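# Structural features, examined
Okay, here's what each chain looks like letter by letter:
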Amino acid sequence: MATDTAPETETAGAAPARAPQRAPRPEGNVLNVFSQGFLWLWALMVVIPVVWIVMSSFKTTREIATDPLGPPEAMHWANYVNAWTNGNIGGYFLNTVQVMVFSVAGTMLLGAMAAYVLARYEFPGNRIIYFGFAAGMMFPVFLALFPLFKTLQNVSLLNTYAGLVIVYIAYSLPFTVFFLTAFFRTLPTGVAEAAVVDGAGHYRLFFQVMLPMAKPGLIAITIFNIIGQWNQFLLPLVLLGRNPEDAMISQGLANLALRQGYEGDSGALFAGTVLAMIPIFVAYVLFQRQIQAGLTAGAIK
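The structure presented is a predicted model; accordingly, all values stated were derived computationally and were not measured.

## Overview of the overall build of the protein
- Of regular secondary structure, the protein possesses 15 helices and zero strands.
- Going through the 301 residues of the protein one by one, you find that 34% of them count as buried.
- For the protein, contacts bridging at least 24 residues in sequence account for 72% of all contacts bridging at least 6.
- In the form shown here, the protein has an accessible surface area of approximately 18,700 Å², with 69% of it arising from carbon and sulfur atoms.

Shown next, in the form of structure tokens:
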């Protein structure tokens, strides 16, 4: 007896039915629109003042006074020459670099060693020391100005670059140790154990094994320390004295603003501001990927 198998054949050869796709939730769309709008607003709030400062640095004082928001009629490069020479921005720039070479290097060396020990070794008082560094981030620098002033004065380091370097290191260590401790904890222990089995001591393990592995975190926190120390104004103002020749870049901009306010050369003031922003901008652009990798490594781990 013949049987009808066509319906079974069609059923067997038919494509499986797809599960119905869920429509996007309206709450998620509203949240995305709100977050993107906030990011665009924040970007405009950051970009517009920077663009305005750069445009004003190429204007004459008359153009700044009559048309502050308009583009410059011509590129007045003399503003940068006046800011670098007459405003002594070049001298302030060299003073700041001279101090930061030692302060950033000392901060990173001491901070990396302290963070490594706190992250990889267990000993009595480990958590107390760690929380002591963390508490240092919450201590306002205003409360330490007078004790720092008297301490440097007693040890004959007041109004010296060496005293300012020591204070910069102490000021930057809490955040450096806090950041790098969390980063060192994410590094694999197998590599360190293999190096110890091969005969590596503590110093070799730290400098030749752990520091290269922590390179993204070191670069990220180094950029943060450079930005923080480059923009520091209060500490050098109090501890470095009032000699204008020894001022840092932030003090130099304040002196330039006061001087150009009397001389009526606003273009040189804006040019000096641009010159002070260029090193930080270049450093961030060059190490942008390393900064992002250092900030996200702990979360990915």
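Additional details are given in the paragraphs that follow.
## Focus: a nonpolar patch on the surface
- The grouping of F38, L39, L41, W42, M45, V46, V47, V50, V51, V54 and M277 at the surface amounts to a nonpolar patch, some 1,000 Å² of accessible area in total.
- Examining the composition of the nonpolar patch, we find that ten residues originate from one element, helix 2 (residues 26–56), more than from any other.
- Tracing the chain through its elements places L41 in helix 2.

## Considering the side chain of N126
- In this fold, N126 is placed in helix 6 (residues 126–136).
- Classification of N126 by relative accessible area gives buried; the value is 3%.
- Within the structure, the side chain of N126 is placed 3.2 Å from the backbone oxygen of L118, a separation counted as a polar contact.
- Not counting residues up to four positions away in its chain, the partners in contact with N126 are V117, L118 and Y121.

## A closer look at the packing of aromatic side chains
- Tallied over the full model, the rule gives 14 aromatic pairs.
- Judged by centre distance (5.3 Å) and plane angle (50 degrees), the rings of F58 and Y80 are tilted. Of this pair, F58 sits in the loop between helix 2 and helix 3 (61–66) while Y80 sits in helix 4 (residues 78–86), and the two are 22 residues apart along the sequence. The burial state of F58 is the same as that of Y80; both residues are buried.
- With centroids separated by 5.7 Å and ring planes inclined at 70 degrees, the aromatic side chains of Y116 and F184 adopt a geometry described as edge-to-face. Taken as a pair, Y116 in helix 5 (residues 89–120) and F184 in helix 8 (residues 161–185) lie far apart in primary sequence, 68 residues in all. Note on accessibility: Y116 and F184 belong to one class, buried.
- Grouped by ring-pair contacts, the aromatic residues Y116, Y121, F184, F206 and F207 constitute a single cluster.
- Sitting above the plane of the Y130 ring, R185 keeps its charged end 5.1 Å from the centroid.

## Topic: helix 5
- The terminal C-alpha atoms of helix 5, which comprises 32 residues, lie 44 Å apart, in line with the 46 Å expected from a rise of 1.5 Å per residue.
- Along helix 5, the sharpest kink reaches roughly 30 degrees, centred on M100.

Parameters at a glance
- Residues numbered from 1 in each chain as written.
- Predicted model: local features only at pLDDT ≥ 70, side-chain atom pairs only at ≥ 80, totals over all residues.
- Heavy atoms only, no water.
- Helix = DSSP H or I, 4+ residues; strand = E, 2+ residues; numbered from the N terminus.
- Buried < 20%, exposed > 50% of the residue type's maximum accessible area, 1.4 Å probe, protein only.
- Contact = heavy atoms within 4.5 Å.
- Areas by Shrake-Rupley, 256 points an atom, 1.4 Å probe, with all protein chains shown as cover.
- Patch = residues over 30% accessible without salt bridge, like charges linked within 9 Å, V, L, I, M, F, W, Y side chains within 5 Å.
- Salt bridge = Lys/Arg side-chain N within 4 Å of Asp/Glu carboxyl O.
- Polar contact = N/O pair within 3.5 Å; in protein donor to acceptor, adjacent residues only side chain to side chain.
- Phe/Tyr/Trp six-rings, centres within 6.5 Å; stacked < 30°, edge-to-face > 60°.
- Lys NZ or Arg CZ within 6 Å of the ring centre and 35° of its normal.
- Expected span 1.5 Å × (residues − 1).
- Bend = angle between axes of the 7 residues up to and from the residue.

Coordinates in, geometry out; function isn't part of it.
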